[in-house]
Amino acid sequence: MVQLEKSWQKVLQEEFEKDYMKQLKNFLLSEKQSGQSIYPPSDQIFAALDFTPFEKVKVVVIGQDPYHGTGQAHGLSFSVNKGTDIPPSLRNIYKELVTDVGITMPSHGYLKHWADQGVLLLNATLTVRANEAGSHQKKGWEIFTDEIIRQLSARRKDLVFLLWGNFAKSKKALITGHKILEAAHPSPLSAHNGFFNCKHFSQTNAFLVEKGMSPIDWQIV
């Protein structure tokens, strides 16, 4: 496994000694040995943690698993590399941002600007086989990312958790004593049933300011 960012290494180091993580590592090795293409690239699997150190997290956005198309996934939930078409769910996130906080519609889907400000863009599953959605679910990643959520809940204060869709909402039981905002998933299938007009971005910033923190600049340039 790739070395984690230092603050996360301290929080999560014991996880790498557990049986589930050893089994996950073996599974990923077997996938590669069988010639499978795995996304994101191995050096970007933990990008969400690399870009947003433990003590800098302000907001947590929970996705399900990485994009499975060529050149899309780079380790941040909902985000894609520059030069890649903006996926439908992210386009709907942008539409809500335009109406909620008045950003200008971005021209790309690379969300590192949010991650750098303390928005942890966490997928529950951190890898996927090319062109096979959900192919690495229930292999151990969810145990690892649930522990990330537990540790944030227990050891940090005044975080905002954005839970979009039923899968993300299922993580609510892991969170105690923080601001939780729930809405429908931003996918085209469900965005009109409670994601649009949820005003999560303005509510997030209002909460951060109330707690004495700087708001998130949501504008992607």
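For clarity, every value in this text was computed on a predicted model and none was experimentally measured. (Residues numbered from 1 in each chain as written. Predicted model: local features only at pLDDT ≥ 70, side-chain atom pairs only at ≥ 80, totals over all residues. Heavy atoms only, no water.)

Peer 1: With reference to specific residues and values, describe the overall build of the protein.
Peer 2: Looking only at helices and strands, the protein has eight helices and six strands in total. From first element to last, N terminus to C terminus, the protein shows the α and β order α-α-β-α-β-α-α-β-β-α-β-α-β-α. With respect to the three principal axes, the spread of C-alpha positions in the protein is 50 × 35 × 30 Å. For the protein, buried positions account for 56% of its 221 residues. A sequence separation of at least 24 residues applies to 66% of the contacts in the protein between residues at least 6 apart. For the protein, the exposed area adds up to about 10,300 Å²; of that, 48% sits on carbon and sulfur atoms. Between the centroid of the 25 positive side chains of the protein and the centroid of its 22 negative side chains there is a distance of 2 Å. (Helix = DSSP H or I, 4+ residues; strand = E, 2+ residues; numbered from the N terminus. Buried < 20%, exposed > 50% of the residue type's maximum accessible area, 1.4 Å probe, protein only. Contact = heavy atoms within 4.5 Å. Areas by Shrake-Rupley, 256 points an atom, 1.4 Å probe, with all protein chains shown as cover. Lys, Arg positive; Asp, Glu negative; His and termini not counted. Charge placed at Lys NZ, Arg CZ, Asp CG, Glu CD.)

Peer 1: Describe the environment of Ser170, with residues and values.
Peer 2: Topologically, Ser170 is positioned in the loop between helix 7 (165–169) and strand 6 (179–183). The sequence separation of Ser170 and Lys18 amounts to 152 residues, and the corresponding C-alpha distance is 24 Å. Only 2.5 Å separates the side chain of Ser170 from the backbone oxygen of Phe167, close enough to count as a polar contact. (Polar contact = N/O pair within 3.5 Å; in protein donor to acceptor, adjacent residues only side chain to side chain.)

Peer 1: Outline the sheet that holds strand 2 (residues 59–63), supporting the account with residue identities and numerical values.
Peer 2: Taken in spatial order, the four strands of this open sheet run 3-2-5-6, and their pairing is parallel. Edge positions in the sheet fall to strand 3 (119–123) and strand 6, since each has one partner strand and no second. Each strand of the sheet is rotated relative to its neighbour by a mean of 20 degrees, with strand direction disregarded. In this structure, strand 2 lies alongside strand 3, joined through five bridges in parallel fashion. Paired with Val60 across the strands is Leu120, a residue of strand 3. (Pairing = 2+ DSSP bridges. Axes fitted to C-alpha atoms, helices over the stretch in contact; angles between N-to-C directions.)

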